[in-house]
Amino acid sequence: MYQLDDLLHLMARLRDPQHGCPWDLKQSYATIVPYTLEEAYEVADAIERGDFEHLPGELGDLLFQVVYYSQLAQEEGRFDFARVVDGITSKLIRRHPHVFPDGDLYGAPDAAKLEEAAVKQRWEELKAQERAEKAAAPEQLSLLDDVPAALPALSRAAKLQKRAAQVGFDWPEALPVVDKVREELDEVLEAMSENDAEAVAEEIGDLLFVVTNLARHLKVDPEAALRAANGKFEQRFRFIEQSVREAGRSMDGCSLEELDALWGEAKKLERQAPGC
């Protein structure tokens, strides 16, 4: 069975200037990023579908992305894969003093067990300390500094809100957020009545941001919730397509009322399905 060293060797061979793969030799950090994001989503998709047969392959594809960046950096004399491994291991040891009290990875596991809330608080304190150490100008340090701009918008909104909540900038419970959702929806309607496209876009953004906040207060991952809603829509729409096809008709030949009736039928079938 191949090991990690074999994968690193394979990557070096792919990038060999004389005998490597032409496609791999053309790649850069920037060109690989879209593949990294795609592979991360494929891992998430396999987990959500419970497809554990294919999960090892998807994880391997994601691991290969890390190996790829490390190879590019090694060629430029910046760092190598070993430094990546050392960095994450050192950071996790540092962030888990309740597991590694003396900072020794292989030390005896005899640390006192902490409650989850204490662990979480200590974790956030250590992350804040790391952010302060990274900041070029600590006096300008923001809690939001290391929230990646490239995150999916819903996930980033939730993370920004969570960070702000750490210093009390948050609603105390979900119900006031519901009122804010209604307020933002009213502002969308107002912008629509004024036929102001720019204002509509802005208000829709505000509405999405507040709905994300509501999801956070209700302990719902907004990104996962929307993916689930996408899947539900896709399943129902496919049912409509199949029903129309079996009737010997076309989608564009059906009225909206007919299509909506099929949508209702799809929902009814979902409720009747086992486990629903």
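What counts, and at which threshold
Residues numbered from 1 in each chain as written. Predicted model: local features only at pLDDT ≥ 70, side-chain atom pairs only at ≥ 80, totals over all residues. Heavy atoms only, no water. UniProt positions renumbered as here; feature names shortened; annotations may be inferred. Patch = residues over 30% accessible without salt bridge, like charges linked within 9 Å, V, L, I, M, F, W, Y side chains within 5 Å. Areas by Shrake-Rupley, 256 points an atom, 1.4 Å probe, with all protein chains shown as cover. Salt bridge = Lys/Arg side-chain N within 4 Å of Asp/Glu carboxyl O. Lys, Arg positive; Asp, Glu negative; His and termini not counted. Charge placed at Lys NZ, Arg CZ, Asp CG, Glu CD. Helix = DSSP H or I, 4+ residues; strand = E, 2+ residues; numbered from the N terminus. Axes fitted to C-alpha atoms, helices over the stretch in contact; angles between N-to-C directions. Parallel < 35°, antiparallel > 145°, perpendicular 65-115°, else oblique. Left-handed = near helix turned anticlockwise from the far one by under 90°. Contact = heavy atoms within 4.5 Å. Nonpolar A, V, L, I, M, F, W, Y, C, P; charged D, E, K, R; others polar. Expected span 1.5 Å × (residues − 1). Buried < 20%, exposed > 50% of the residue type's maximum accessible area, 1.4 Å probe, protein only. Domains from an automatic or database assignment. Phe/Tyr/Trp six-rings, centres within 6.5 Å; stacked < 30°, edge-to-face > 60°. Core = buried A, V, L, I, M, F, W, Y, C linked by side-chain atoms within 4.5 Å.

Within an unreviewed UniProt entry, the label attached to the protein reads Nucleoside triphosphate pyrophosphohydrolase, and the organism entered is Ectopseudomonas chengduensis. A UniProt comment under Sequence similarities (unreviewed entry) is attached to the protein, and it reads "Belongs to the nucleoside triphosphate pyrophosphohydrolase family." Annotation of the protein in UniProt includes, under Catalytic activity (unreviewed entry), the sentence "ATP + H2O = AMP + diphosphate + H(+)".

A contiguous patch of negative charge, built from D186, E190, E194, D196, E198 and E202, is present on the exposed surface. Elements supplying a minimum of two residues to the negative patch: α8 (174-193) and α9 (197-217). Turning to its location among the elements, E194 is positioned in the loop between α8 and α9.

Packing of helix α10 (residues 222-246) against helix α11 (residues 256-272) leaves a shortest axis separation of 9 Å and a crossing angle of 120 degrees. When the interaxial angle is binned, α10 and α11 end up oblique. For the crossing formed where α10 meets α11, the hand is right-handed. Across the interface between the two elements, K232, F233, R236, F237, F239, I240, S243 and V244 of α10 pack against L259, L262, W263, E265, A266, K267, L269 and E270 of α11. Tallied by class, the residues present in the contact of α10 with α11 amount to 10 nonpolar, one polar and five charged.

Together, K120, K159, K162 and K219 make up a positively charged patch on the protein surface. Within the secondary structure, K162 is located in helix α7 (residues 153-165).

With that settled, the discussion passes to helix α4 (residues 55-75). Taking 1.5 Å per residue as the helical rise, α4 with its 21 residues ought to reach 30 Å, and the 31 Å between its terminal C-alpha atoms agrees with that figure. All of the buried residues in α4 are L55, E58, F64, Q65, V67, Y68, Y69, S70, Q71, L72 and A73. In this structure, the buried residues of α4 make contact with α1 (4-14), α2 (22-26), α3 (29-48) and α5 (81-95). Directly after α4, the chain includes G77, whose backbone phi takes a positive value near 75 degrees.

Under the UniProt annotation, "domain: NTP pyrophosphohydrolase MazG-like" (unreviewed entry) lies at residues 27-100 and 180-236. In this annotation, residues 27-100 is assigned 76% helix and 0% strand; the end-to-end C-alpha distance for the span is 40 Å. In this annotation, residues 180-236 is assigned 88% helix and 0% strand; the end-to-end C-alpha distance for the span is 31 Å.

What the domain assignment reports for the protein is domain 1 (2-93), domain 2 (151-219) and domain 3 (222-270). Using only C-alpha atoms to locate each centre, domain 1 and domain 3 end up separated by 39 Å.

Here we take up the pattern of salt bridges. By the definition in use, this model includes 12 salt bridges. We note a salt bridge from R49 to D45, for which the minimum N-O separation is 2.7 Å. By relative accessible area, which is 35% here, D45 ends up partly exposed. Note that D170 and R216 form a salt bridge whose closest N and O atoms lie 2.7 Å from each other. Taken as a pair, D170 in the loop between α7 and α8 and R216 in helix α9 lie far apart in primary sequence, 46 residues in all. Accessibility expressed as a relative area gives 19% for R216, which makes it buried.

Summed over all chains, the structure comprises four aromatic pairs. Ring centres of W23 and Y35 lie 5.8 Å apart, and the angle between their planes is 80 degrees; this geometry places the pair in the edge-to-face category. Highlighted residues: W23 in helix α2 and Y35 in helix α3, separated in sequence by 12 residues. The class of W23 is partly exposed, set by a relative accessible area of 38%.

The subject of this paragraph is the nonpolar core. In this structure, M11, I32, F64, V67, Y68, Y69, L72 and F81 together form the largest nonpolar core, which totals eight residues. When residues of this core are assigned to their parent elements, the largest contribution, five residues, is made by α4. Residues contacting V67, with those up to four places away along its chain left out, are L7, L8, M11 and F81. A174, V188, L207 and L214 belong to the second-largest nonpolar core, a separate cluster that totals seven residues.

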